[in-house]
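Here is how the chains run, residue by residue.
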Amino acid sequence: MEILFQDVERDLQIDYMCNTRGGHMPLIHSHSAYEIYISESGERTYIIDDTIIDLSAHDVAFIKPHELHTTDGSAYSRHLLYFKETYLNRFFTTEAKMQLLTLFQQKKLSLTPAEHTELLKLLRTLSAKPDEFLVFCRIMQLFLHARANIPTDTVRRKSNLFSAIMEYVANHYLEIESLDTLAAQFYITKSHLCRLFK
């Protein structure tokens, strides 16, 4: 099982992708920065540590630095907004930073069409002018406002076995030689292990 760590180079970074084929992200990975996944179209299933999140257009997922995650699903377009702790430290008080980071405890927000439209405009502005601090603030304010609308039935917990496997992988990924090795560690078949991650 491959696990990839990706270092985010800048304190604030935006990425856009349109994938017309869909499919599974082949690697479980993590980043050195906070990641916000903004779904523009399509449906994806995100696995973040031991949490499964179903995303469709107008949904947003929040991933903390170093959290293992992967995604699967249909054709999609999405934006990724990355920011580092150093970016927050430069502009926000400790209290304001703590308030913003509470978004990452909830993993998912569902935006209204109007909020989503405004968010996409703000992301385009921020892409053109990455130093535009007030645009970043408006994006985060929009998320904080939308937080009250989180549907509770869209976040599912995997089994305790899944959680144990994810924890083991996070702590021992350099030692895992194959899926067979990982399956043997938990006294399950390779087939059963693969089904847990589908």
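These numbers come from a predicted model, not from an experiment.

Section: the pattern of salt bridges
Consideration 1: This structure, assessed with the given rule, holds six salt bridges.
Consideration 2: The salt bridge involving Asp-59 is made with Lys-108; its shortest N-O contact spans 3.6 Å. With a gap of 49 residues between them, Asp-59 in strand β7 (residues 59-63) and Lys-108 in strand β9 (residues 108-110) connect regions that are remote in the sequence.
Consideration 3: Lys-108 gets classed as buried once you look at its relative accessible area, which sits at 2%.

Some remarks on the environment of Glu-115
Consideration 1: By the element assignment, Glu-115 lies in helix α4 (residues 113-128).
Consideration 2: By relative accessible area, Glu-115 is classed as buried at 11%.
Consideration 3: For Glu-115 and Phe-143, which are 28 residues apart along the polypeptide, the C-alpha to C-alpha distance reads 8.9 Å.
Consideration 4: Leave out the neighbours within four places in its chain, and Glu-115 touches Leu-142, His-145 and Ala-146.
Consideration 5: Within the local environment of Glu-115, its side chain forms a polar contact with the side chain of His-145, the two groups lying 3.4 Å apart.

Structural notes on the packing of aromatic side chains
Consideration 1: Following the criterion strictly, the structure yields 12 aromatic pairs and no others.
Consideration 2: An angle of 25° between the planes, with centres 4.3 Å apart, marks the rings of Phe-91 and Phe-133 as stacked. Here the residue Phe-91 occupies a position in helix α1 (residues 85-91), and Phe-133 occupies one in helix α5 (residues 133-146), the gap between them amounting to 42 residues.
Consideration 3: With a relative accessible area of 35%, Phe-91 lands in the partly exposed category.
Consideration 4: Linked through ring pairs, Tyr-34, Phe-62, Phe-83, Tyr-87, Phe-91, Phe-92, Phe-104, Phe-133, Phe-136 and Phe-143 together constitute an aromatic cluster.

With respect to the nonpolar core
Consideration 1: By size, the foremost hydrophobic cluster in this structure holds 29 residues, and its most contacted members are Ile-36, Val-60, Phe-83, Phe-136, Ile-139 and Phe-143.
Consideration 2: Those elements giving two or more residues to this core turn out to be β5 (34-48), β7, β8 (69-83), α1, α2 (94-101), α3 (103-106), α4 and α5.
Consideration 3: A total of seven residues in this core trace back to one element, the largest contributor, which is α5.
Consideration 4: Every residue in contact with Val-60, bar those within four places of it in the chain, is listed here: Ile-36, Tyr-37, Ile-38, Leu-55, Lys-107, Lys-108, Leu-109, Leu-111, Leu-119 and Phe-143.
Consideration 5: Counting 12 residues, the second-largest nonpolar core is a separate cluster that includes Ile-28, Ile-165, Tyr-168 and Phe-186.

Notes on the confidence of the model for the protein
Consideration 1: With 84% of its residues at a pLDDT of at least 70, the protein reaches an overall mean of 82.
Consideration 2: Averaged pLDDT values over the elements of the protein bottom out at 48 in strand β10 (residues 155-157) and peak at 94 in β7.
Consideration 3: The low-confidence segment residues 152-156, where pLDDT is below 50, has 11 contacts with residues more than four positions distant or belonging to other chains.

Parameters at a glance
- Residues numbered from 1 in each chain as written.
- Predicted model: local features only at pLDDT ≥ 70, side-chain atom pairs only at ≥ 80, totals over all residues.
- Heavy atoms only, no water.
- Salt bridge = Lys/Arg side-chain N within 4 Å of Asp/Glu carboxyl O.
- Helix = DSSP H or I, 4+ residues; strand = E, 2+ residues; numbered from the N terminus.
- Buried < 20%, exposed > 50% of the residue type's maximum accessible area, 1.4 Å probe, protein only.
- Contact = heavy atoms within 4.5 Å.
- Polar contact = N/O pair within 3.5 Å; in protein donor to acceptor, adjacent residues only side chain to side chain.
- Phe/Tyr/Trp six-rings, centres within 6.5 Å; stacked < 30°, edge-to-face > 60°.
- Core = buried A, V, L, I, M, F, W, Y, C linked by side-chain atoms within 4.5 Å.
- pLDDT = per-residue confidence, 0-100.

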